[in-house]
Structure formats: C-alpha cells, structure tokens
Amino acid sequence: MHLVVLFGPPAVGKMSVGREVARLTPYRLFHNHATIEPLLEVFDWGTEPFERLREELRRRVIEEAAASDLPGLVLTLVWGLDSPADTAYVERLVAPVAAAGGRVSFAELWSSQETRLGREGTPERLAAKASKRDQEWARRHLVESDEEHRLSTGPDQPFPLAHRFEHVRVDNDALSATEAAEQVVSLLGLPRAP
C-alpha cells in the first residue's frame, strides 16, 4: 500500500487536490476533516478527548488500509514543521504503512496567505467542513496558524523527515486543483486510474 501524505497550511487546497488525486488514481482519499467534524459534535477543538480520538481514528484507518488490498491512500493534514510533537505525530500516523513494507510519500502544497484567505469560504470547503462555516473564525485561525508555526518547507525550514521519506512540493498558488493533482501524480509517479 502507498500512503501519500498531502500536507500544507489551512486553505492551501489539500482536500480539493486530494479529491483530484483520488480521481486520477486508484487511491482513496482520507481528508483531515473526515475525523475532525464528527468529533466536534461531541468534544471541543483541542481538548484532550478530541486530540486523543482524532489521532486514534486516523491511525486505525491507516492501519486497516495498510492491511487491506487498497493500492493507495491519500491522507491530508496540517503539520507544524517546527513542532517536534507534530513531527512525532506524523511519524506515528505513517508507521503502520512503513512497518508493513508499504511506500510512504509526502506531497506538500504551497500557496500565499492572500490566496488561501481567498479560498476560505468556498462552497466545496463549507460543504465538507462545518467547522469552517464561521468564516471570520476560519480566516483568523488561518492567520494565527501561520504566525504560530512553520507550515511550509523552505530554506529556513527543511522537510523534517527527508532522511526517511520522499517529499515533493507543489506551488498551487495559481493552479486549479486538477492541475496541482496532475503535478503530484507526475512527481510521485502514481498509477493512473483505469
């Protein structure tokens, strides 16, 4: 099984690009908010039960995918690259695939903050992410996330797992989701859907 971790800052297009990667390949999409939204129905964001269950749910889905006959899974997430705790969390998520001898790849999406703020509140985003419907909060959260963590690689923030896993970076500031997905598929050499 091939796990593609599609990461980047809020509103960079992870879900939209992930959907297109899944359409172009035989891979399935497991997007970030597939675990977030149901848990927010019960627990507040950031509380201990929310954090614990979010990680457990994601890890279990990845474990089952690694043990299944799925050719690949695309996982989306936001990752504080400067946070050792976030990096350890990502390592725990990918561990079942690596332990099973599967392939793990990281595809990073980058867009400017201005572009990402413009994407906040699109119909597709609001339909899949109830927690983003408070657009004032969502925009404030996006800016605060940028201020609190390094969410993109660069000269001063290299990819922290480069010694173990492949990493590609796609600048999708001016690309459609399909164009960005085509780049991810090409750069990682993913199989095409029949």
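That block above? That's the structure.
Fair warning: this is a prediction, and the values are worked out from it, not measured in the lab.

Enquirer: Would you mind going over the environment of Glu63 with me for this structure?
Expert: Following the sequence through the fold, Glu63 ends up in helix 3 (residues 48–67). Sequence spacing of Glu63 and Leu151 is 88 residues, and the spatial spacing of their C-alpha atoms is 26 Å. Reaching out from Glu63, the side chain makes a polar contact with the side chain of Arg60 at a distance of 2.8 Å.

Enquirer: What should I look at first to understand helix 8 (residues 177–188) in this one?
Expert: Helical geometry: 3.6 residues make up each α-helical turn, so side chains three or four residues apart lie on a common side. Between its first and last C-alpha atoms helix 8 spans 16 Å; for 12 residues at 1.5 Å apiece the expected length is 16 Å, and the two agree. Against the buried residues of helix 8 lie strand 1 (2–7), helix 1 (14–24), strand 4 (103–110) and strand 5 (166–171).

Enquirer: I tried to follow the packing of aromatic side chains on my own but got confused; where do I start?
Expert: For any two aromatic rings, the description comes down to two numbers: the centre-to-centre distance and the angle of the planes. In the structure shown here, the tally under the stated rule is 8 aromatic pairs. Look at Phe7 and Phe106: their rings are 6.3 Å apart centre to centre, the planes differ by 75 degrees, and that puts the pair in the edge-to-face class. One end of the pair, Phe7, is in strand 1; the other, Phe106, is in strand 4, and 99 residues separate them in sequence. Residue class for Phe7 comes out buried when judged on its relative accessible area of 0%.

Rules used throughout
- Residues numbered from 1 in each chain as written.
- Predicted model: local features only at pLDDT ≥ 70, side-chain atom pairs only at ≥ 80, totals over all residues.
- Heavy atoms only, no water.
- Helix = DSSP H or I, 4+ residues; strand = E, 2+ residues; numbered from the N terminus.
- Polar contact = N/O pair within 3.5 Å; in protein donor to acceptor, adjacent residues only side chain to side chain.
- Expected span 1.5 Å × (residues − 1).
- Contact = heavy atoms within 4.5 Å.
- Phe/Tyr/Trp six-rings, centres within 6.5 Å; stacked < 30°, edge-to-face > 60°.
- Buried < 20%, exposed > 50% of the residue type's maximum accessible area, 1.4 Å probe, protein only.

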